[in-house]
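Residue-level structure breakdown
Chain by chain, the residues:
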Amino acid sequence: MGELRSVRTRCPLCGHIFRAPRVGSYVTVGRETDLCPKFPGRQSDGTRLIRDAITMCPACSFSAAEDFSDLDLTVDERYDIEERLREDGLLKVFRASPPPWLAFHAAEVCGQERGLRFRELGDLCLRASWVCRKEREHPFESTFQLRALRYFIRALREEGLHGRELSLTTYLVGELNRRLGNHREALNWYVNAERTLGDELGRDAGLAWLDRLISEQSKLAREQAA
Ligand SMILES: [Zn+2]
């Protein structure tokens, strides 16, 4: 499994000092069709590796995918984040014994106040949905898939994505729609993804796997839509 060490960390929001796990390099054995990495060995180890990509302060719940020492919050951000973390419904319910997906939700809340791109907020929600699936928390899995989908659509509309990121995000909008049962919608997005990829494949031969994946998932969505 991934080499795991912990690092002394200072929360940029409340100043609490704690030891946070830090994931080193690890081995994966391919990806699921929503790009969730597959790990050899126990399911719970895989959950832990995905989960530990987020640092969460045990005192105030401030969370981020970035290294805490790289974060410098403005006074306004600090105030708004404290307020959001205090008032958040899911955090109120789950803070006392946090399930592994809670860190992603907290990172999403903090990320909104820090002005993260929609693409990045979507990625946090997508990763939360992976953890929920591995933990068999199906209603939460769908909730996070839907949130990821909405962020990705906003990113496509407003953030001028291009290249690999554009193709991957467009594919994911299709795949998340398919997983949420919107098969016809999914098919439209797979077509869009293929179109963006058509331009990109000439430049980036490393994306041939995505081309194959889009064909397979389109076939699946067509069967499911019938
Ligand atoms: Zn804190």
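Up top is the structure.
Residues numbered from 1 in each chain as written. Predicted model: local features only at pLDDT ≥ 70, side-chain atom pairs only at ≥ 80, totals over all residues. Heavy atoms only, no water.

1. What to know about the coordination of the zinc ion
Around the zinc ion, the protein contributes the donor atoms C11 (SG), C14 (SG), C57 (SG) and C60 (SG), which lie 2.2 to 2.4 Å from the metal centre. The site at the zinc ion holds four donor atoms, and with the angles between them running 105 to 114°, its shape is tetrahedral. Of note, the donors binding the zinc ion are all from one chain and are spaced C-x2-C-x42-C-x2-C. In this pair, the class of C57 matches that of C60, namely buried. (Donors = N, O, S within 2.8 Å, 3.2 Å for Na, K, Ca; no water. Tetrahedral: all angles 85-135°; square planar, octahedral: opposite > 155°, others 65-115°. Buried < 20%, exposed > 50% of the residue type's maximum accessible area, 1.4 Å probe, protein only.)

2. Some remarks on helix α4 (residues 102-113)
With twelve residues, α4 extends 17 Å from end C-alpha to end C-alpha; this agrees with the ideal 16 Å at 1.5 Å per step. Burial analysis of α4 places ten of its twelve residues in the buried class, which makes it a mostly covered element. Those residues of α4 that fall on the buried side of the exposure criterion are L102, A103, F104, H105, A106, A107, E108, V109, C110 and G111. (Helix = DSSP H or I, 4+ residues; strand = E, 2+ residues; numbered from the N terminus. Expected span 1.5 Å × (residues − 1).)

3. Points about the nonpolar core
Counting 63 residues, the largest nonpolar core has L13, F62, L85, Y171 and L210 as its most contacted members. With nine residues, the top contributor of residues to this core is helix α5 (residues 118-134). Non-local contacts of L13, meaning those with residues more than four positions away in its chain, are made with C60, F62, L73, R78, I81, E82 and L85. (Core = buried A, V, L, I, M, F, W, Y, C linked by side-chain atoms within 4.5 Å. Contact = heavy atoms within 4.5 Å.)

4. Comments concerning the side chain of R119
Among the secondary structure elements, R119 is positioned in helix α5. For R119, a relative accessible area of 11% gives the class buried. Within the local environment of R119, its side chain forms a polar contact with the side chain of T169, the two groups lying 2.6 Å apart. (Polar contact = N/O pair within 3.5 Å; in protein donor to acceptor, adjacent residues only side chain to side chain.)

5. Observations concerning the pattern of salt bridges
Following the criterion strictly, the structure yields 20 salt bridges and no others. Notably, a salt bridge pairs R48 with D52, separated by 3.9 Å at the nearest N-O pair. Taking relative accessible area as the criterion, R48 reaches 30% and is therefore assigned partly exposed. Residues joined in a network through salt bridges with shared partners are E32, D34, R133, K134, E141, E175, R178 and R179. (Salt bridge = Lys/Arg side-chain N within 4 Å of Asp/Glu carboxyl O.)

Purely spatial values, then, with no claim about function.
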